[in-house]
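Spelled out from the first residue to the last, the chains are:
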Amino acid sequence: MIDLGIDLETAGLVLSAVIALIMSLKNNMVLNGRAKTVEIVTELVGVMPDVSALLKKSVEAQADDKITADELAGIVDEAKKIEAHIIAIKNKLVTV
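## Some points on the overall build of the chain
The helix and strand tally for the chain stands at 3 helices and 0 strands. Its helices and strands taken in sequence order, the chain reads α-α-α from the N to the C terminus. Looking at the 96 residues of the chain, the share that counts as buried comes to 26%.

The following block contains the structure:
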């Protein structure tokens, strides 16, 4: 496996974190209002296509068993954007 800085285990952890956030909504958010719950769930659902696109981009970059610095930089940038988005969602959960 080519080291991209993101492996399947990391992608799995990101997905697990998103699922855990969704599951915690019932406990933390429903009591504070349905509108906020819907907003957060919508944001979490919005992350999923980004994660899927990142995984696809990673697989495509490795298809020829070679990866360029530009491909790697693009993948890392996308991962950082997703991470920032998930952290922002988490912070919204904490402040509710």
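## Re the pattern of salt bridges
Evaluation of the coordinates by the stated rule reveals 2 salt bridges. The residue Glu 43 makes a salt bridge to Lys 92 at a minimum N-O spacing of 2.5 Å. Here Glu 43, found in helix 2 (residues 34–62), pairs with Lys 92, found in helix 3 (residues 69–95); they are 49 residues apart in sequence, far enough to count as distant. Of the residues examined, Glu 43 reaches a relative accessible area of 19% and is grouped as buried. Residues Lys 81 and Glu 78 are paired through a salt bridge, measuring 3.7 Å at the closest nitrogen-oxygen approach. Separated by 3 residues within a single helix, Lys 81 and Glu 78 lie in helix 3, roughly one turn from each other. The class for Glu 78 is partly exposed, based on a relative accessible area of 29%.

## So, a nonpolar patch on the surface
Nonpolar side chains collect at one region of the surface, where Leu 15, Ile 19, Ile 22 and Met 23 lie side by side and expose about 350 Å² of accessible area between them. As for its position among the elements, Ile 22 is in helix 1 (residues 8–28). Assessed through its relative accessible area of 35%, Ile 22 is described here as partly exposed.

## Quick word on the confidence of the model for the chain
Do not read the fine detail of predicted coordinates wherever pLDDT is low. The share of residues in the chain with pLDDT of 70 or more is 74%, and the mean pLDDT across the chain is 77. Of all the helices and strands in the chain, helix 1 carries the lowest mean pLDDT, 70, while helix 3 carries the highest, 86.

## Section: the environment of Gly 74
As for its placement among the helices and strands, Gly 74 is situated in helix 3. Distance from Gly 74 to Leu 54, taken between C-alpha atoms, is 9.5 Å for residues 20 residues apart in sequence.

## Let's talk about a negative patch on the surface
A surface patch of negative charge is lined by Asp 64, Asp 65, Asp 70 and Glu 71. Here Asp 70 shows up in helix 3. Classification of Asp 70 as exposed rests on a relative accessible area of 67%.

Cut-offs used in this document
- Residues numbered from 1 in each chain as written.
- Predicted model: local features only at pLDDT ≥ 70, side-chain atom pairs only at ≥ 80, totals over all residues.
- Heavy atoms only, no water.
- Helix = DSSP H or I, 4+ residues; strand = E, 2+ residues; numbered from the N terminus.
- Buried < 20%, exposed > 50% of the residue type's maximum accessible area, 1.4 Å probe, protein only.
- Salt bridge = Lys/Arg side-chain N within 4 Å of Asp/Glu carboxyl O.
- Patch = residues over 30% accessible without salt bridge, like charges linked within 9 Å, V, L, I, M, F, W, Y side chains within 5 Å.
- Areas by Shrake-Rupley, 256 points an atom, 1.4 Å probe, with all protein chains shown as cover.
- pLDDT = per-residue confidence, 0-100.
- Lys, Arg positive; Asp, Glu negative; His and termini not counted.
- Charge placed at Lys NZ, Arg CZ, Asp CG, Glu CD.

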